[in-house]
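Here's the letter readout for the chains.
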Amino acid sequence: MSIDEYRLKILKELEQDPDISQRELAKRLGISLGKTNFCLKALIEKGLVKVDNFKNNTNKVGYLYLLTPKGIEEKVSLTKKFLKRKVAEYEALEKEIEQLRLEVSAKK
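Computed from a predicted model, the values in this text were never measured in an experiment. (Residues numbered from 1 in each chain as written. Predicted model: local features only at pLDDT ≥ 70, side-chain atom pairs only at ≥ 80, totals over all residues. Heavy atoms only, no water.)

(A) Expanded view of the overall build of the chain. For the chain, the count of helices and strands is four helices and two strands. For the chain, the succession of helices and strands along the chain, N to C, is α-α-α-β-β-α. For a compact globule of 108 residues, the expected C-alpha radius of gyration is about 13 Å, and the chain comes in at 20 Å, more than 25% above that figure. Projected onto its principal axes, the C-alpha positions of the chain cover 75 × 25 × 20 Å. Relative to its 108 residues, the chain shows a buried fraction of 25%. As displayed, the chain has an accessible area near 8000 Å², and 55% of this comes from carbon and sulfur atoms. Distance from the positive charge centre (23 side chains) to the negative charge centre (17 side chains) of the chain: 3 Å. (Helix = DSSP H or I, 4+ residues; strand = E, 2+ residues; numbered from the N terminus. Rg over C-alpha atoms; globule rule 2.2 N^0.38 Å. Buried < 20%, exposed > 50% of the residue type's maximum accessible area, 1.4 Å probe, protein only. Areas by Shrake-Rupley, 256 points an atom, 1.4 Å probe, with all protein chains shown as cover. Lys, Arg positive; Asp, Glu negative; His and termini not counted. Charge placed at Lys NZ, Arg CZ, Asp CG, Glu CD.)

Below you can see the structure in the form of C-alpha cells.
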C-alpha cells in the first residue's frame, strides 16, 4: 500500500471516529502500532490533524483526533487521486477481459 493510501485510510478513520485509539486504528488498518504512531505524527506535523486531550474516565487520558480544514482538503484530494487510479485500473482490466474473451471464442 502506498503512503497516500495509508494517509487516506487514516484520515477517513479519524473523520468517522475521532476518539479512536492508536491501537484500534492500527488494528483497523492492519499495520503495526509503531507505524500508526509514525503516520499520525506526520499528519499532525503537516497540519492535517489536530490532537486534543480528553479524559475517558478518571484513570485514563485519551486523545481526540480532528481533521483540520487542510486535512479535509487533503482527504478530498487523495480520494480523487485514488478514484482516478482505480478507474484506470478498472478500464484496463475490462480491456484485458474482453481480449481474453475474444481469444477464447476464436479458439472454439
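Back to the text.
(B) Broad picture of the nonpolar core. Counting residues in hydrophobic clusters, the biggest one holds 17 residues, and the most contacted among them are Ile-10, Leu-11, Leu-14, Leu-25, Leu-40, Leu-43 and Val-49. Broken down by secondary-structure element, the contributors of at least two residues to this core are helix H1 (3–16), helix H2 (22–29), helix H3 (33–45) and strand S2 (60–67). Broken down by element, this core gets its largest block of residues, five residues, from H1. Once you skip the residues sitting within four places of it in the chain, Leu-11 turns out to touch Leu-43, Val-49, Leu-67, Gly-71, Glu-74, Lys-75 and Leu-78. (Core = buried A, V, L, I, M, F, W, Y, C linked by side-chain atoms within 4.5 Å. Contact = heavy atoms within 4.5 Å.)

(C) Representation of the layout of surface pockets in the model. Each pocket or cavity is described by its volume, and for the largest pocket that value is around 200 Å³. The wall of the largest pocket is formed by Ile-3, Tyr-6, Arg-7, Lys-35, Phe-38, Cys-39, Ala-42, Leu-43 and Lys-46. Those elements that place two or more of their residues in the lining of the largest pocket are H1 and H3. By residue number, the principal contributor to the lining of the largest pocket is H3, which donates five residues. Of the residues contributing to the lining of the largest pocket, the split by class is six nonpolar, no polar and three charged. (1 Å grid on protein atoms, 1.4 Å probe; cavity = no way out; pocket = protein on both sides within 12 Å on 5 of 7 lines; lining within 4 Å. Points joined across faces, edges and corners; volume = space filled by probe spheres on them. Nonpolar A, V, L, I, M, F, W, Y, C, P; charged D, E, K, R; others polar.)

(D) Region of interest: the packing of H1 against H3. Closest axis-to-axis distance for the H1/H3 pair is 11 Å, and the angle between their directions is 85°. Taken together, H1 and H3 sit at an angle that is classed as roughly perpendicular. Here Tyr-6, Arg-7, Ile-10, Leu-11 and Leu-14 of H1 lie close against H3, whose contacting residues are Lys-35, Cys-39, Leu-40 and Leu-43. Taken together, the residues that form the contact of H1 with H3 break down as seven nonpolar, no polar and two charged. (Axes fitted to C-alpha atoms, helices over the stretch in contact; angles between N-to-C directions. Parallel < 35°, antiparallel > 145°, perpendicular 65-115°, else oblique.)

Remember, this is a structural readout, not a statement about activity or role.
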